[in-house]
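In case you want the letters, here they are:
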Amino acid sequence: MVILITDVKSPYRNISDDKLKQLWQKESELFKKKTPHSSHTFCEAQEIMLNGVPMPWMGDWGTPYPVFVDQATGNRIIDIDGNEYIDFCLGDTGAMFGHSPDPVIKAVKDQICNGITTMLPTKDSLFIGRELAKRFGLPFWQFAMTATEANRYVIRNCRALTGRPKILVMNECYHGSLDESLPHIGKNGNLELRTNYDTNPGVPKEALTRVVEFNDVEALERELAYKDVACVLAEPIMTNCGMVLPAPGYHDKLRELCTRYGSYLIIDETHTFSNGPGGYTAAFGLQPDFITLGKSIAGGIPVAVYGFTSVIAAAINANYGQKSASDPM
Ligand SMILES: Cc1ncc(COP(=O)(O)O)c(C=O)c1O
């Protein structure tokens, strides 16, 4: 564990590694004492799930083993030992409005009695699409299951429309389990995976991705000038490596350079749409070609959406759009 203490006046500034180790041991012992059922379940789970967890990254918590959840409501989680926690993680914002909010329970109950999966559109999608257009300022919307998936669909469109292979992302970004966004700049300047992404060993690195530091306009221009970048995929504020705010004028420059070098600009609002209706894009007047968002958009139910301009909608239809039902085969 790395603890960064930047406040020179902080009383914690001079804590030694030994002291931290002792604290860690004390907290771990207390944790084990309070979570015997989680401990037992974790051991049992080794027989059926790789490393005892249903998804590889769930083994990556700072505790000796993960707590197994019994229930979660509002801002509380209760584990299978009956311990109650205040939840500051909120499903990494998927539960930004609290766990199982009443309106979501009602909507799910209503819908589940009216058919779960039909492969046909409903009129609800028009209402949602119009709301998104009004809020985010992009006229066309499509739906997906997860933010990863929304990003993947958008990247495919960008590749198809530009004929270019690469995606440019910001160093230390996270946009889901997309191969393209996992590589980062390593110590020797080559692209590599973060240690905690070793669970994704099959990710190709240089082949699909260019990576620059957020706010580094010079590097951005240098990499876009290769003219092999289909799109830049960026959060408006970086939220997955601490919070990194854009430097004044950065977003204008990002837009300008994408246009100059023929790359599409995707703004991933998955976390930042907490800025308000229309997310950071509306609050700060960004002009992306695509917006993607997921997680709390459906109160924790796996739903994601992506929006785009009418120029892109026309280009998709002109190049490879699906025929409408009235078109002859
Ligand atoms: C900015 C951002 N985009 C996309 C994703 C992917 O979300 P999901 O795992 O729900 O597909 C994440 C996940 O943390 C994210 O932080």
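Computed from a prediction, not measured in an experiment: that's the story for all the values here.

This part covers the overall build of the protein chain. What the protein chain contains, in helices and strands, is nine helices and twelve strands. When its C-alpha atoms are laid out on the principal axes, the protein chain stretches across 65 × 55 × 40 Å. Residue burial in the protein chain is summarised as follows: out of 329 residues, 38% are buried. Contacts in the protein chain between residues at least 24 apart in sequence constitute 63% of all its contacts with a sequence separation of at least 6.

Moving on to the pairing of strand 12 (residues 304–308). Each regular strand displays side chains that alternate between the two surfaces of the sheet. Burial runs high along strand 12: five of the five residues are buried. Burial of the side chains of strand 12 extends over both faces: A304, Y306 and F308 are buried on one face and V305 and G307 on the other. Direction of pairing for strand 11 (residues 290–293) relative to strand 12: antiparallel, over a ladder of four bridges. Along strand 12, the bridge assignment pairs I291 with G307.

A separate point is the pairing of strand 1 (residues 69–73). The pairing of strand 1 with strand 2 (residues 76–79) spans four bridges and is antiparallel. The partner of V69 across the bridge, within strand 2, is D79. Between strand 1 and strand 2, which pair antiparallel and follow one another directly, the connecting turn spans two residues, one of which, G74, has a positive phi of 55°.

Let us look at the packing of aromatic side chains. Taken as a whole, this structure holds ten aromatic pairs when the rule is applied. Note on F140 and F308: the rings are 6.2 Å apart at their centroids and 15° apart in plane angle, and the pair reads as stacked. One end of the pair, F140, is in strand 4 (residues 140–144); the other, F308, is in strand 12, and 168 residues separate them in sequence. Its relative accessible area of 39% is what places F140 among the partly exposed residues. Exposure remark for F308: the relative accessible area of 7% places this residue in the buried category. Relative to F284, the ring of Y280 lies with its centre 4.1 Å away and its plane at 20°, an arrangement referred to as stacked. Linking Y280 with F284, this pair stays in helix 8 (residues 279–284), spanning four residues, or about one helical turn. Judged by its relative accessible area of 6%, Y280 falls in the buried class. Ring pairs connect the aromatic residues F140, Y153, Y264, F290, Y306 and F308, which therefore count as one cluster. For the cation-ring pair, R210 lies above Y226, with the distance from its terminal atom to the ring centre recorded as 3.9 Å.

Glancing now at the pattern of salt bridges. Close approach of charged atoms allows side chains of opposite charge to pair. Summed over the entire model, instances satisfying the criterion amount to 14 salt bridges. When the shortest N-O distance is used, the salt bridge between D110 and K106 registers 2.7 Å. With D110 and K106 both in helix 3 (residues 102–112), this residue pair falls four residues apart, about one helical turn. Accessibility expressed as a relative area gives 39% for D110, which makes it partly exposed. The salt bridge involving R222 is made with E223; its shortest N-O contact spans 3.1 Å.

With mixed pairing, seven strands are arranged side by side in an open sheet as 4-12-11-10-9-5-8. The open sheet has two edge strands with one neighbour each: strand 4 and strand 8 (209–212). Going from strand to strand, the sheet's axes swing by 20° on average, the running direction of each strand aside. Pairing between strand 4 and strand 12: five bridges, direction antiparallel.

Let us now look at the domain arrangement of the protein chain. Taken domain by domain, the protein chain comprises domain 1 (35–88) and domain 2 (123–319). Between domain 1 and domain 2, the C-alpha centre-to-centre distance is 32 Å.

In terms of backbone geometry, most residues other than glycine have negative phi values and most peptide bonds are trans. The backbone of D92 sits at a positive phi, close to 55°, despite the residue not being glycine. Inspection of the secondary structure assignment puts D92 in the loop between strand 3 (84–86) and helix 3. Overall, the relative accessible area of 31% leaves D92 in the partly exposed class. Its identity is not glycine, yet N215 carries a phi of approximately 75°, on the positive side. In this structure, N215 sits in the loop between strand 8 and helix 6 (217–224). Note on N215: relative accessible area 27%, which makes it partly exposed.

Another aspect to go through is the sheet that holds strand 2. Overall, antiparallel pairing links the three strands, which are arranged 1-2-3 in an open sheet. In the strand order of this sheet, the two ends are held by strand 1 and strand 3, each with one partner. Averaged over all neighbouring strand pairs, the angle between strand axes comes to 20°, with direction disregarded.

Mapped onto the fold, G278 is located in the loop between strand 10 (264–268) and helix 8. Those residues in contact with G278 that sit more than four places away from it in its chain are R135, F136, E269 and A283.

Conventions and cut-offs
- Along every chain, residues carry numbers that run from 1 in the direction the sequence is written.
- Only residues with pLDDT of at least 70 get local features here, since the model is predicted, and only at 80 or more are side-chain atom pairs given and counted; chain-wide, interface and lining totals rely on the full set of residues.
- Neither water nor hydrogens contribute to the side-chain values; these are computed over all heavy atoms in the structure.
- Strands are runs of DSSP state E lasting at least two residues, helices are runs of H or I lasting at least four, and both sets are numbered from the N terminus onward.
- Accessible area is worked out with a 1.4 Å probe on protein chains only. A residue is then buried under 20% of its type maximum, exposed over 50%, and partly exposed in between.
- A contact between two residues is defined here by any heavy atoms of the two lying within 4.5 Å.
- Paired strands are those between which DSSP finds at least two bridges.
- Only the six-membered ring of Trp is used, alongside the rings of Phe and Tyr, when aromatic pairs are assigned; centres must lie within 6.5 Å, and planes under 30 degrees apart are stacked while those over 60 apart are edge-to-face, with the rest tilted.
- Working rule: Lys NZ or Arg CZ, within 6 Å of ring centre, within 35 degrees of ring normal, means a charge sits over the ring.
- Every case where a carboxyl oxygen of Asp or Glu lies within 4 Å of a side-chain nitrogen of Lys or Arg is listed as a salt bridge.
- Interaxial angles span 0 to 180 degrees and are taken between N-to-C directions of axes, which are lines fitted to C-alpha atoms, for helices over the stretch in contact.
- Reported domain spans reflect what an automatic or database domain assignment gives.

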